[in-house]
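# Notes for the structure review
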Amino acid sequence: MTGKRMAGWVDEWMGGWVEAWMAARGKHCAPPTPAGAAIHRLILALPLPSIPTSILPLIALVVAFALASGSSARGAGRVRETLDLALEPPQARTNGPMLTQVQFTWTGRGLLEGKLEIELRAGQELLTTCVTPDLALTTGTVRFAMLLPSVAFQLYGSELDVIARFHTRRRTFRFPATTWRVPAASQRGCAVCVCLGRRGWSDVTSAAARSLHLERFRPKPAKGAQPRDGLATVNRHTLPDEMPAQAIAYCAFDIVLLMGSGLSELSGQQLEALATWVRGGGSLCVVPGGGLQARHAEFLNALAGRPAFRVGEAGRVEALAPDAEGIYLFRAGLGRLVVAPPPETAEDVETDAWRRAAAFLWKIRREQLASVLGPTRAWNPELQKFDAAVLEQMQAYGQIEGDSKPPFVLYPQATYGTGNLLEHLMPQRVRVLPFGVMVLILIVFTVCVGPLDYLVLGRLRLHKLTWVVFPLTAVAFTWFTVRLAEHYIGLESYRRAVVFVDLDERWEPIRHSRYELIFSAGRRDEAFEIRKALFYTMGRGEAVNQGRYYPGGYPGPQPRVQGEIEPIHYAGRLPGHYVVAQRIRRWTPYLNRTFSFEPPDHPLELDEEAQRLPVRSREDIEAIARRALRGAPRRRAAYILHGQTSHTVAGSSDFAMLTAPTYSYGVEAQSFLTTASARPQVGFFAVVSQVSPSGAPDFEGLTILDPTDDSQWLLVIVEQHGDDIYVYRRLFIITPTETAGAPRDGIREKR
């Protein structure tokens, strides 16, 4: 109640009391107000003591003061019940999910129950809405981690507007809008998660974290110039109790660094999630401190694939086979593990051993190692390779002059062969209106609006009604044609997917990516229930390719057309269990990606004898492929990828669309299967051969083969499951016996 309203209420009712009292004593007063008349009747019915009239104003003041004090107390109570929200800006990775810390401060009494809604906007355009399940806030501060989907691929620039609300049953708390900076389409943002335990930052820990930045391998620009490749690596300091307990949440990072008590303070669930992420392609650097237990040695040995460490009496990690340099490199599934001793000074992380470890974690291409670890200590942009036909086209269009090469850029680029993928997923046969039926409808419509209209209205002498009959007839035939088309085509959605399943050395699935195309005959709202996975829409129609090809085929940055991707609504807790709502337009293909570390619906069926076959050469891989095709209950095909070539072993030809060359502006390029598994040496992938999993709405995360490493072979088995196509991939590292375990280009890997 405002001060003016409260004063008016007091005046009216106190005036009524005074008028009623004076009327009861026979005193003269002005005609009573309605309130005074009501109180007058009440007072007349009650025995009242004799009170001097002179003290009535004093009574009125006392009552007014009491009412005002009560109202002020109630108002003060409402002021104390405030809810504040603090969202920690994430250290965003290019096209990766955003991990933020949410902190509520509630000053009211008791529990406050409601849902947190977060809108991600680019200016006035809504990109994504995320709504949590019911939250119960206690008095004081409540802090928890929240994973938000990536929207960087939808942005024009690098600023993301964040609007948050908290909805309860009775009211909605609105919080001031904030702005986050995320990597733009023309930038390459990388993120390193640093967990130091309860120990704070120091010169040594800061130097160790910086030593894992990819920029340390960047060529030095000319004097006075600034790097223009758009590369930026950031550190995110995370406390042990804030480290994710779900593997999918680590997709927000390229590398995880555990130093000091960062390893010893992690729970078993956190260690299990971290191991799953590493085996799925992540990179982990462990610089263990003290206070370790046997379970921590088991964690390291499980990733190393063999007994390599133990915990000594002092609670520190000890290597079973000590190395002179003390830094151990392991392949763990598709990921990398580095175990290093604690550096004593900042200069200790500048050694060649640390440099090799950083290159190993970033999965630097074998061809670049000589440059990265050599005298120049930087990657060589000249190793970027373009087909001669592509360069010819770019010269013809004036994009490059003479013998010059395209600029060296690191931002995400389009994937060749995406058009082939869409063509393969689109329905091959769509039932449409027969041509004869369409001709018949046109003839009947012409007769109705022509001769029939003239003769009938002429006989009735109502030709003036032609202006009414003609549009009504047109509307009726349109309605009939649409309904007839829906009858032939149907209103159900057509859904077909390609699922990439990556296998480890035990032939067990360690991750899978599902690219599903939705083609609907009617406008509808689709709902997808997602569990322990990341879901993204990659756009519709031709926008799926997510990249602009300059004439000549050179892929440029990823500009997005406004309205190209409709807003996506996430309801639930990402990434554990949530529902995604997506609006589908009629007769428009949409491509969605779901990424998960969970087993796929259809694991690879391969007999145990084939799984136990030793692999020492290409012939051994071909033998496994033939056994996989022998007696297969479904259509299968097998391929072997090595270097820049793809070899078909045998099998069905129904999957030729995935392995056929693609064309851009008349230039032949590699097939989708090849470019998805081994990216061309252009831009960022002229430096690295693989990226840590991000679940991003692109095809970068599918790359697992280094075509410049002669020891790497990739077996691909393609199989049909209903309408879906499953692509099973197993990476083999074949090293000659006489050189096994020896340093190769400065990298000594443990297997």
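Residues numbered from 1 in each chain as written. Predicted model: local features only at pLDDT ≥ 70, side-chain atom pairs only at ≥ 80, totals over all residues. Heavy atoms only, no water.

## Regarding the nonpolar core
In this structure, Phe 104, Leu 116, Phe 166, Leu 258 and Leu 284 are the most contacted members of the largest nonpolar core, which totals 82 residues. With 6 residues, helix H5 (residues 268–279) is the largest single contributor of residues to this core. Those residues in contact with Leu 116, other than ones at most four positions away along the chain, are Leu 85, Val 102, Phe 104, Cys 130, Val 131, Thr 132, Leu 135, Met 146, Ala 164, Arg 165 and Phe 166. (Core = buried A, V, L, I, M, F, W, Y, C linked by side-chain atoms within 4.5 Å. Buried < 20%, exposed > 50% of the residue type's maximum accessible area, 1.4 Å probe, protein only. Helix = DSSP H or I, 4+ residues; strand = E, 2+ residues; numbered from the N terminus. Contact = heavy atoms within 4.5 Å.)

## Focus: the sheet that holds strand S1 (residues 83–87)
An order of S1-S2-S6 is seen for the 3 strands of this open sheet, with the pairing classed as antiparallel. At either end of the open sheet lies a strand with only one pairing partner, and these are S1 and strand S6 (140–148). This sheet shows a mean twist of 20° between the axes of neighbouring strands, independent of strand direction. Here 5 bridges tie S1 to strand S2 (residues 98–106), and the two strands are oriented antiparallel to one another. (Pairing = 2+ DSSP bridges. Axes fitted to C-alpha atoms, helices over the stretch in contact; angles between N-to-C directions.)

## Thoughts on helix H4 (residues 203–210)
Where burial is concerned, most of H4 is hidden: 6 out of the 8 residues are buried. Those residues of H4 hidden inside the fold are in contact with strand S10 (188–195), strand S11 (231–237) and strand S12 (255–260).

## Details of the pairing of strand S18 (residues 493–503)
Look at any regular strand and the pattern is simple: side chains alternate between the two faces of the sheet. Among the 11 residues in S18, 8 count as buried, and that is most of the element. If you look at the hairpin formed by S18 and strand S19 (residues 509–520), you'll find 5 residues sitting between the two strands, and Trp 507 has a positive phi there, around 65°. In terms of strand pairing, S18 meets strand S30 (residues 724–733) through 6 bridges, oriented parallel. When the sheet's bridge partners are listed, Val 498 is paired in S30 with Ile 725.

## What to know about the confidence of the model for the protein chain
Averaged over the protein chain, the pLDDT score is 81; the fraction of residues at 70 or greater is 78%. Low pLDDT, under 50, characterises residues 16–32; the stretch is placed with 29 contacts to residues that sit more than four places away or in other chains. A low-confidence stretch, residues 738–746 stays under pLDDT 50, and its non-local contacts, those more than four residues away or across chains, total 12 contacts. (pLDDT = per-residue confidence, 0-100.)

## Observations regarding helix H7 (residues 352–361)
Given 3.6 residues per helical turn, the α-helix brings residues three or four places apart onto the same face. Extensive coverage of H7 is indicated by the burial of 9 of its 10 residues. Turning to H7, its buried residues are Ala 353, Trp 354, Arg 355, Arg 356, Ala 357, Ala 358, Ala 359, Phe 360 and Leu 361. Just downstream of H7 lies Lys 363, where phi reads positive at about 60°.

## Let's talk about the sheet that holds strand S13 (residues 283–288)
Two modes of strand pairing occur in sheets, parallel and antiparallel, and in both the strands are linked by backbone hydrogen bonds. Taken together, the 6 strands give an open sheet; going across it, the order is S11-S10-S12-S13-S17-S16, and neighbouring strands pair in mixed fashion. Since the sheet does not close on itself, it has two edges, and those belong to S11 and strand S16 (328–332), each with one partner. Neighbour-to-neighbour, the strand axes of this sheet turn through a mean angle of 20°, independent of strand direction. Where S16 and strand S17 (residues 335–339) come together, 5 bridges link them in antiparallel fashion. Paired with Arg 331 across the bridge in S17 is Arg 336. The strands touched by H4 are S10, S11 and S12; relative to S12, the strand with the most contacts, the crossing angle is about 160°.

## A closer look at the packing of aromatic side chains
This structure, assessed with the given rule, holds 19 aromatic pairs. Ring centres 6.3 Å apart and planes at 90° place the aromatic pair Phe 500 and Tyr 515 in the edge-to-face group. A residue pair is termed long-range when its members are at least 10 positions apart, and Phe 500 in strand S18 and Tyr 515 in strand S19 qualify at 15 residues. Side by side, Phe 500 and Tyr 515 carry an identical accessibility label, which is buried. Connected via pairs of aromatic rings, a cluster forms that spans Phe 104, Phe 144, Phe 166 and Phe 175. The ring of Phe 173 carries the charged tip of Arg 171 above its face, separated from the ring centre by 4.0 Å. Between the NZ or CZ atom of Arg 730 and the centre of the ring of Trp 507, over which it lies, the distance is 4.9 Å. (Phe/Tyr/Trp six-rings, centres within 6.5 Å; stacked < 30°, edge-to-face > 60°. Lys NZ or Arg CZ within 6 Å of the ring centre and 35° of its normal.)

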